[in-house]
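# Reading the structure
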Amino acid sequence: DLTSKEYELLLCFAKNPNIALSREQILNNVWGSDYFGSDRVVDDLVRRLRKKLSKLDIETIYGYGYRVNKK
């Protein structure tokens, strides 16, 4: 069972396979451009998604964001 934000993040990754997304891009896609807060919320959401969908290959791009590698 995914939360609504986890599902939105999964959709964001599904629409952009093999493309590196910055934390800012993920924030805009999942929370909207009017979100006010830390971009570290993205890291927590990715951590939760990784835990629930362990077979999903989410790559961390240090200092930038994340990418889902689709083969």
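This text gives an overview of the structure that appears in the document.

This next bit is on the overall build of the chain. Regarding its fold elements, the chain presents three helices and three strands. For the chain, the succession of helices and strands along the chain, N to C, is α-β-α-α-β-β. For the chain, the spread of C-alpha atoms along the three principal axes comes to 35 × 25 × 20 Å. Relative to its full complement of 71 residues, the chain shows a buried share of 31%. Considering only residue pairs separated by 6 or more positions, the chain has 51% of its internal contacts joining residues 24 or more positions apart. Total accessible area on the chain stands at roughly 4800 Å², and carbon and sulfur atoms take up 51% of it.

What follows concerns a nonpolar patch on the surface. On the surface, Leu-2, Tyr-7 and Leu-11 cluster together to form a nonpolar patch covering roughly 250 Å² of accessible area. Mapped onto the fold, Leu-11 is located in helix H1 (residues 4–15). For Leu-11, a relative accessible area of 33% corresponds to the partly exposed category.

Further remarks concern helix H3 (residues 40–52). Here H3 contains 13 residues, and its C-alpha end-to-end distance of 19 Å stays within 8% of the 18 Å for a straight helix at 1.5 Å per residue. On its buried side, H3 packs onto H1, helix H2 (23–30), strand S2 (58–61) and strand S3 (65–68).

Looking now at the packing of aromatic side chains. Evaluation of the coordinates by the stated rule reveals one aromatic pair. Taken together, a centroid distance of 5.8 Å and an interplanar angle of 45 degrees make the contact between Trp-31 and Tyr-35 tilted.

As a packed pair, H1 and H3 sit with axes 10 Å apart at the nearest point and diverge in direction by 85 degrees. One finds that H1 runs roughly perpendicular with respect to H3. Listed contacts from H3 to Lys-5, Glu-6, Leu-9, Leu-10 and Phe-13 of H1 are Leu-45, Val-46, Arg-48, Leu-49 and Lys-52. Tallied by class, residues from the contact of H1 with H3 come to six nonpolar, no polar and four charged.

Quick notes on the rules
- Residues numbered from 1 in each chain as written.
- Predicted model: local features only at pLDDT ≥ 70, side-chain atom pairs only at ≥ 80, totals over all residues.
- Heavy atoms only, no water.
- Helix = DSSP H or I, 4+ residues; strand = E, 2+ residues; numbered from the N terminus.
- Buried < 20%, exposed > 50% of the residue type's maximum accessible area, 1.4 Å probe, protein only.
- Contact = heavy atoms within 4.5 Å.
- Areas by Shrake-Rupley, 256 points an atom, 1.4 Å probe, with all protein chains shown as cover.
- Patch = residues over 30% accessible without salt bridge, like charges linked within 9 Å, V, L, I, M, F, W, Y side chains within 5 Å.
- Salt bridge = Lys/Arg side-chain N within 4 Å of Asp/Glu carboxyl O.
- Expected span 1.5 Å × (residues − 1).
- Phe/Tyr/Trp six-rings, centres within 6.5 Å; stacked < 30°, edge-to-face > 60°.
- Axes fitted to C-alpha atoms, helices over the stretch in contact; angles between N-to-C directions.
- Parallel < 35°, antiparallel > 145°, perpendicular 65-115°, else oblique.
- Nonpolar A, V, L, I, M, F, W, Y, C, P; charged D, E, K, R; others polar.

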